[in-house]
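# Coordinate inspection notes
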Amino acid sequence: MNKKPIITLKDIAVSFDGEQVLKNFNLTIGDGEFVTLLGPSGCGKTTVLRTIGGFVRPDSGDVFFGGKKINDVPPHKRAVNTVFQKYALFPHLNVYENIAFGMRLKGKKEDEIKKTVTEMLHMVNLNGMAHRGVGQLSGGQQQRVAIARALANDPKILLLDEPLSALDLKLRKDMQSELKKIQQAIGITFIFVTHDQEEALSMSDTVVVMDKGEIQQIGSPIDIYNEPTNAFVADFIGESNILDGMMIDDYLVEVAGQRFKSLDSGFGKMKPVDIVIRPEDIDIVPTGSASAHVNGEVTSVTFKGVHYEIIVDVDGFKWMIQTTDSASVGDHIGLALTPDDIHVMAKSVYSGTMGDYSSFSDEMGEALQESSEEVTEDAD
Amino acid sequence: MRTKLISAPYTIWMTLFIIVPMGLVAVFAFTDKSGAFTLDNILRVGQYSNVFLRSILLGAVATAISLLLGYPLAYIISKAKASRQSIMVMLVMLPMWMNFLLRTYAWMSLLEDNGLINNLLVAIGLPRVHMINTAGAVVLGMVYNYIPYMILPIYSVLAKIDNSVIEAAQDLGANGVKVFLKVVLPMSMSGVISGVTMVFVPAVSTFIISKMLGGGGNLLIGDLIDMQFLGSAYNPNLGSAISLVLMVIIMICMGIMNQFDDDEENMGGGMLL
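Once that is clear, we can look at the overall build of chain B. A count of helices and strands for chain B gives 13 helices and zero strands. Element order for chain B, N to C, with α for helix and β for strand: α-α-α-α-α-α-α-α-α-α-α-α-α. Every one of the 273 residues in chain B was classed for burial, and the buried ones make up 33%.

Here is the structure:
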């Protein structure tokens, strides 16, 4: 993060009705960055966004904008604009007036307003829609109007609160690349909130992974994926097999009963650690062959289009493998690992709670995420 | 087919008790005592233009006062905590559970020259104020009786406005006053229009309130019609003609009102539904 900081959150604490949503929250965001706050529902990511927007007053801590403290500045005086989750367009105004809303408040001249609205409509691909009522637009079009309305105000920072979550998959992908393009074209800071890890990885310069009101990891998408700092991040970003391991010494780790050369160091000698092995890094080899580090029985095979998702029972611990090789349920197979595949993490509060696929189902994972949704996210 | 079957009883009921009586009123209005066609009744309505004007004026004043008092209350209720909202709405409706006549009688005894308020004024050494049998008392009675019909529709529209829309306005640079004028007020116009209609229509055609609080000097259309059917001036044909003219006036008023409402819808009010 070598860019000039534009937003700094210092020791922010926020609670709703006695429930602590954020505690000792510190974050610095550089000017012109595309930053994503990523985490499950109820992790406090929306609260961070609303704190920057001015809609949430922190119980303690300071918010700095370009070095100036803005704790007491109300939302309408901040050089920050928001794209709301449910678009929040003004239903009594047409597309043109929605986009012109902020400029009219600032008392801009009519021809200037017209020029900007036309520019904005062009940028979000809504040419010719200026005089439609917003009720007549599709979800994707409403979202574009919401983006145009926020950007027409010429903000220094654009806040986006899960803006794509209501769109269907295809449209969401299109909007992702469009948003990224818009951000690069105008060069202002985008702070984007999502619970969709794929969205976060594909759009961001920097990803901030959050859980339970705390930052778990900050880094580039590649860092976050390849070098997760703990079991939570490893599990939340992509699929992961997370195993107990032992750091024998620097560059030597023991996992699944075998010793491997490791690329990691600095954990100390004979230290218990968590090991992440990504499903796509595991190779299938004949059982009992020299290169088979572990052997197990296939318990489920799911065709995913590009690859198969295979669940393998190894002495009661279920591994997930993503491979283009097929296998059948009941097959005994060997799994081959290389030092590159083994990522070592320090033990954390999340150790042992995730990363085993014995009760795995896509639906269940989502259901759990939904049920953990905190009231506080929607409280006001 | 099925919905037709279910709606049949309603259709029959409405035909028998709404359409047919209205037809009868029209027939009476255009006939004389012997049943022959005449325009006399309609033409005679012109004599009572001052009564019409007074009714419309008092009804309009009562509607305006109801709006000025009711809108802020509706706004306050919609901003209260959810648990408190239902209590406040109940308090607004509570007087409506009491009989209309009784409530108006109560005002009589409050406003009389020897009533509670005047006795109180005398007790603290102030002169008596003549309140009963004035236009002001009639307006007071109208406002008191009909203000819940103003508050409730406005409240229900205000309560439906998503808070994120208000935040969006703040986000775009609107302070409290601007948020209200540019977002909340325009978005609640449909509630204002139903409120105005629901207060204005009964206020214009009331006869009990003017009779009890207005004395003889504040004759309203309702009283005039009442007199044609039940009073000394028995003349159902003229009464029907007055009713018909009143109905046309109210329909014109509502037509103008709905014009506003339609504009709102066209500009994207569909979101509200």
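Here the narrative resumes.
At the junction of the two partners, chain A supplies 23 residues and chain B supplies 24 residues. At three residues, the largest contribution of residues to the side of chain A that touches chain B is made by helix α2 (residues 95-105) of chain A. Residue classes in the side of chain A that touches chain B are distributed as 10 nonpolar, 10 polar and three charged.

Our focus in this paragraph is helix α5 (residues 169-186) of chain A. All names here are of chain A. The terminal C-alpha atoms of α5 lie 26 Å apart, and with 18 residues this matches the ideal 26 Å at 1.5 Å per residue to within 8%. For α5, the full list of buried residues reads Met175, Leu179 and Gln183. Projected down its long axis, α5 carries its buried residues within an arc of 70°, all on one side. Across from the buried face of α5, at angles greater than 90 degrees, the exposed residues are Lys170, Ser177, Lys181, Gln184 and Ala185. The secondary structure elements touched by the buried residues of α5 are β3 (34-38), α4 (139-151), β8 (189-194) and α6 (197-203). Where α5 ends, the next residue or the one after it, glycine 187, has phi of about 70°, a positive value.

Quick look at the sheet that holds strand β18 (residues 317-323) of chain A now. In sheet architecture, strand pairing relies on hydrogen bonds along the backbone and comes in two forms, parallel and antiparallel. All names here are of chain A. Overall, antiparallel pairing links the five strands, which are arranged β15-β19-β16-β17-β18 in an open sheet. Since the sheet does not close on itself, it has two edges, and those belong to β15 (283-286) and β18, each with one partner. Between one strand axis and the next, the sheet turns through 50° on average, direction left out of account. Two strands pair when backbone bridges link them, and strand β17 (residues 308-314) and β18 are joined in this way by seven bridges, in the antiparallel orientation. In the sheet register, valine 314 faces β18, and the bridge partner there is phenylalanine 317.

Attention shifts here to the packing of helix α3 (residues 49-79) of chain B against helix α7 (residues 135-160) of chain B. All names here are of chain B. Taken N-terminus to C-terminus, the directions of α3 and α7 make an angle of 40°; their axes are 6 Å apart at the nearest point. Judged by the angle between their axes, α3 and α7 are oblique. Classified by chirality, the crossing of α7 by α3 is right-handed.

We now examine the packing of helix α5 (residues 100-111) of chain B against α7(B). How two helices sit against one another is set out by the angle between their axes and by the gap between those axes. Residues and elements named next belong to chain B. It is at 11 Å that the axes of α5 and α7 come closest, and there the two elements cross at 140°. One way to sum up the angle between α5 and α7 is to call them oblique. Between α5 and α7 lies a crossing of right-handed hand. Residues Phe100, Arg103, Thr104, Trp107 and Leu111 of α5 form the contact with α7, whose participating residues are Ala137, Gly141, Tyr144 and Asn145. Partitioning the contact of α5 with α7 into residue classes produces five nonpolar, three polar and one charged.

This next bit is on the domain arrangement of chain A. Domain annotation for chain A reports domain 1 (5-226) and domain 2 (241-375). Relative to domain 2 of chain A, the C-alpha centre of domain 1 of chain A lies at a distance of 36 Å.

Looking at the secondary structure, you find Leu164(A) in the loop between β7 (157-161) and α5. Once residues within four sequence positions are removed from consideration, Leu164(A) is found in contact with Arg172(A), Met175(A), Gln176(A) and Glu199(A).

Counting 107 residues, the largest nonpolar core has Ala146(A), Ala148(A), Leu158(A), Ile191(A), Val209(A), Ile275(A) and Leu335(A) as its most contacted members. No fewer than three residues from each of domain 1 (5-226) and domain 2 (241-375) of chain A sit in this core. Apart from the residues lying within four places of it in its own chain, the contact partners of Ala146(A) are Val83(A), Phe84(A), Tyr87(A), Ala88(A) and Leu89(A). Counting 46 residues, the second-largest nonpolar core is a separate cluster that includes Val143(B), Val157(B), Leu213(B) and Ile221(B).

Next up on the list: α2(A). Residues and elements named next belong to chain A. Of all 11 residues in α2, eight are buried; the element is thus mostly enclosed. Within the sequence span of α2, burial applies to Val95, Glu97, Asn98, Ile99, Ala100, Phe101, Gly102 and Met103. Looking at the buried positions of α2, the neighbouring elements they touch are α3 (110-123) and α4. Two residues or fewer after α2 comes glycine 107, characterised by a positive phi angle close to 70°.

Let's shift gears to the confidence of the model for chain A. Residues with a pLDDT of 70 or more make up 93% of chain A, whose mean pLDDT is 86. Long-range and interchain partners of residues 360-380 of chain A, a stretch whose pLDDT sits below 50, account for 19 contacts in this model, where long-range means more than four residues apart.

Here the focus is the sheet that holds β7(A). Residue and element names in this part refer to chain A. The strand order across the open sheet built from six strands is β6-β7-β8-β3-β9-β10, with neighbouring strands paired in mixed fashion. Looking at the sheet topology across the chains shown, the edges are occupied by β6 (80-83) and β10 (214-219). Sheet twist, expressed as the mean angle between neighbouring strand axes with direction ignored, is 20°. Where β3 meets β8, five bridges bridge the pair, whose relative direction is parallel. Its bridge partner being in β8, valine 35 is matched across the sheet by isoleucine 191. Each of β6 and β7 touches α4; the most contacted strand, β6, lies at about 175° to it.

About the criteria used
- Residues numbered from 1 in each chain as written.
- Chains lettered and ligands numbered in written order.
- Predicted model: local features only at pLDDT ≥ 70, side-chain atom pairs only at ≥ 80, totals over all residues.
- Helix = DSSP H or I, 4+ residues; strand = E, 2+ residues; numbered from the N terminus.
- Buried ≥ 20, exposed ≤ 12 C-beta atoms within 10 Å, placed from the backbone.
- Contact = placed C-beta atoms within 7 Å.
- Nonpolar A, V, L, I, M, F, W, Y, C, P; charged D, E, K, R; others polar.
- Expected span 1.5 Å × (residues − 1).
- Arc of directions from axis to C-beta.
- Pairing = 2+ DSSP bridges.
- Axes fitted to C-alpha atoms, helices over the stretch in contact; angles between N-to-C directions.
- Parallel < 35°, antiparallel > 145°, perpendicular 65-115°, else oblique.
- Left-handed = near helix turned anticlockwise from the far one by under 90°.
- Domains from an automatic or database assignment.
- Core = buried A, V, L, I, M, F, W, Y, C linked by C-beta atoms within 7 Å.
- pLDDT = per-residue confidence, 0-100.

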